[in-house]
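# Close look at the chain arrangement
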Amino acid sequence: MTAPAPILDPFATDVAERRARRRGVWGWVALGAVVLLLGAFLTLFARADWEARARLDPEGVGPGGARAIVHILRDQGVEVVATTGRDQTIAELDGGGTLVVTDPWPLSDEALRDVVDAADDVVVLNPSGSATDLLVPDAADAGYGSSAVGPGCDLPAAVRAGEIVPGRAFTAPKGVVGCYPVGDGFAVLQTTDGDTRITVVDGTVLFDNEHLAQQGNAALGLGLIGAADRVVWYVPRWEDAGSAAPPTIGELVPPWVTPALTLLLLAGVAAGLWRGRRFGPLVAERLPVTVRGSETLEGRARLYARAAQPAHAADLLRAGATARMARRLGLPPNAAPREVADAAAARLGAPVDVTRAILTHVPATDADLATFGHRLRELEAAVDAARLDRRPP
């Protein structure tokens with residue numbers, strides 16, 4: 001009688017799978033919690049420093065900040081007021097003093113003009129092309145300097161500073177004072193607009209913390225910015241842009257994108273609900289469950305037949321028959337098919353070529369495989385019969 005095939009406990013397997021799945025879910029939950037906590041920490045403790053420190057920010061301590069020159073100005077008795085809003089800047093200028101504008105890129109021409117008109121002395125650091133043309137009409141970019149040059153003008157602040165290594169250069173229209181010549185332009189431009197004195201200079205390579213100690217940069221910065229007892233240092237933000245404010249994402253995105261994304265999201269949720277595993281109530285099954293060996297045998301046979309691999313199936317049949325006949329012929333369990341064929345021939349008194357042909361045959365078709373199985377069974381039955389005939393009475 002064929003022994004029944006062992007069957008796993010499905011209830012225990014399902015419990016193990018649910019426990020493994022639960023551990024995986026809790027692992028992702030823990031990872032998400034760590035990410036959220038890290039994000040909250042960065043938002044609470046670092047966001048202010050990261051967002052507030054633009055180039056030439058008066059409180060910036062990095063290489064691109066302007067904390068060093070502001071500290072020197074304050075040591076010399078100059079009051080420095082840092083502002084980030086246009087209305088706040090205009091209000092602070094009611095008390096007089098020099099207006100320093102850094103990176104006016106976010107501001108529209110109207111917004112920049114409103115701030116400049118409120119001051120008597122204006123120093124624009126790293127102006128945009130439109131800001132340069134607005135404040136110094138007909139001035140434009142004229143290259144970039146990379147070697148030390150002298151003042152080349154009578155501006156007192158430049159004469160006291162001596163040589164510098166300039167950055168951007170600007171053309172100097174008629175009536176505009178230009179210092180530190182670079183090619184066809186100058187590194188520093190100074191002009192008057194009514195009662196307002198306007199100075200344009202690339203402060204990103206002269207007055208930041210990284211370059212302030214080089215050549216006469218510090219002296220030039222103090223001479224241009226620290227002429228008055230009070231300085232209003234304005235760092236523009238996009239909120240003050242006016243008509244030049246950058247468009248929002250909603251304005252840039254075509255109107256059909258939002259409904260399409262919503263539809264895709266709903267389709268994904270519907271697909272997840274449709275294809276997702278539905279957990280129903282547990283079904284109790286009486287154990288142990290016994291399955292006849294013939295059922296597993298037939299199931300494996302169907303798999304081999306579907307795979308169309310008669311040679312592989314023949315190897316399994318040959319291995320089983322060889323092991324059984326080796327035990328009956330007194331050979332070791334790992335005896336080769338040729339050894340078993342020779343021993344079977346000796347036991348049966350049959351030709352060796354015949355027994356070898358039976359055990360070493362490789363079928364190529366299903367019909368050939370069936371014939372091979374029948375011949376194996378007949379050979380094994382003959383070996384069994386010969387063993388019984390030789391058993392002593």
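This section reports on the structure supplied with the text. Predicted model, so just to flag it, every value in this text is computed and none were measured.

A word on the layout of surface pockets. Considering only enclosed or pocket space, the largest pocket measures out at about 920 Å³ in volume. Along its surface, the largest pocket is lined by 24 residues, and Leu297, Ala301, Ala313, Leu316 and Leu317 are the ones closest to its centre. Mapped onto the lining of the largest pocket, the elements with two or more residues apiece are helix H11 (293–307), helix H12 (310–328) and helix H15 (366–389). No other element matches the 10 residues that H15 contributes to the lining of the largest pocket. Looking at the lining of the largest pocket residue by residue, the class counts come to 13 nonpolar, 5 polar and 6 charged. Lining the second largest pocket are 11 residues, and of these Ala54, Pro106, Pro236, Arg237 and Trp238 lie nearest its centre. Here the residues of the lining of the second largest pocket are counted per class, giving 5 nonpolar, 1 polar and 5 charged.

Glancing now at the packing of helix H13 (residues 337–348) against helix H14 (residues 352–360). With their axes 8 Å apart at the nearest point, H13 and H14 run at an angle of 140 degrees to one another. One way to sum up the angle between H13 and H14 is to call them oblique. The two elements H13 and H14 meet at a crossing, and its hand is right-handed. Contacts between H13 and H14 involve Pro337, Arg338, Val340, Ala341, Asp342 and Ala345 from the former and Val352, Thr355, Arg356, Leu359 and Thr360 from the latter. Residue composition of the contact of H13 with H14, grouped by class: 6 nonpolar, 2 polar and 3 charged.

Our next topic: the nonpolar core. Judged by nonpolar contacts, the single largest core of 33 residues is most densely connected at Ile69, Tyr180, Leu220 and Trp233. Of all the elements, helix H8 (residues 217–225) adds the most residues to this core, at 4 residues. Residues within four places of leucine 220 in sequence aside, it is in contact with Ala157, Ala158, Ala161, Ile164, Tyr180, Val188, Leu206 and Phe207. Membership of the second largest hydrophobic core comes to 22 residues, among which are Leu99, Val124, Leu189 and Tyr234.

Calculation notes
Sequence order as written defines the numbering, with residues in each chain counted from 1. Per-residue local features are limited, in this predicted model, to residues with pLDDT of at least 70; the limit for side-chain atom pairs, both in listing and counting, is 80 or more; totals at the level of whole chains, interfaces and linings are taken over all residues. Note that water and hydrogens are dropped before the side-chain values are worked out from all heavy atoms of the structure. Put simply, the grid is 1 Å and covers the protein atoms alone, a cavity is a trapped set of points that fit a 1.4 Å probe, a pocket is an open set with protein on both sides within 12 Å along at least five of seven lines, and lining residues have an atom within 4 Å of a point. Grid points are joined across faces, edges and corners, and a volume is the space filled by probe spheres set on the points. Under the scheme used here, helices are H or I runs from DSSP no shorter than 4 residues and strands are E runs no shorter than 2 residues, and both carry numbers assigned from the N terminus. Side-chain classes are defined by residue name, with Ala, Val, Leu, Ile, Met, Phe, Trp, Tyr, Cys and Pro counting as nonpolar, Asp, Glu, Lys and Arg as charged, and the others, Gly among them, as polar. To get an axis, a line is fitted to the C-alpha atoms, and for a helix only the part in contact is used. The angle between two axes follows their N-to-C directions and goes from 0 to 180 degrees. Throughout, the term roughly parallel applies to angles under 35 degrees, roughly antiparallel to angles over 145, roughly perpendicular to angles from 65 to 115, and oblique to all others. Take the far helix as your reference; a near helix turned counterclockwise from it by less than a right angle gives a left-handed crossing, and one turned clockwise gives a right-handed crossing. Any pair of residues with heavy atoms lying within 4.5 Å of one another is described as a contacting pair. In plain words, nonpolar cores are sets of buried Ala, Val, Leu, Ile, Met, Phe, Trp, Tyr and Cys residues tied together by side-chain atoms within 4.5 Å. Buried means the residue's accessible area, taken with a 1.4 Å probe over protein chains only, is under 20% of the maximum for its type, while exposed means over 50%, and partly exposed covers the values in between.

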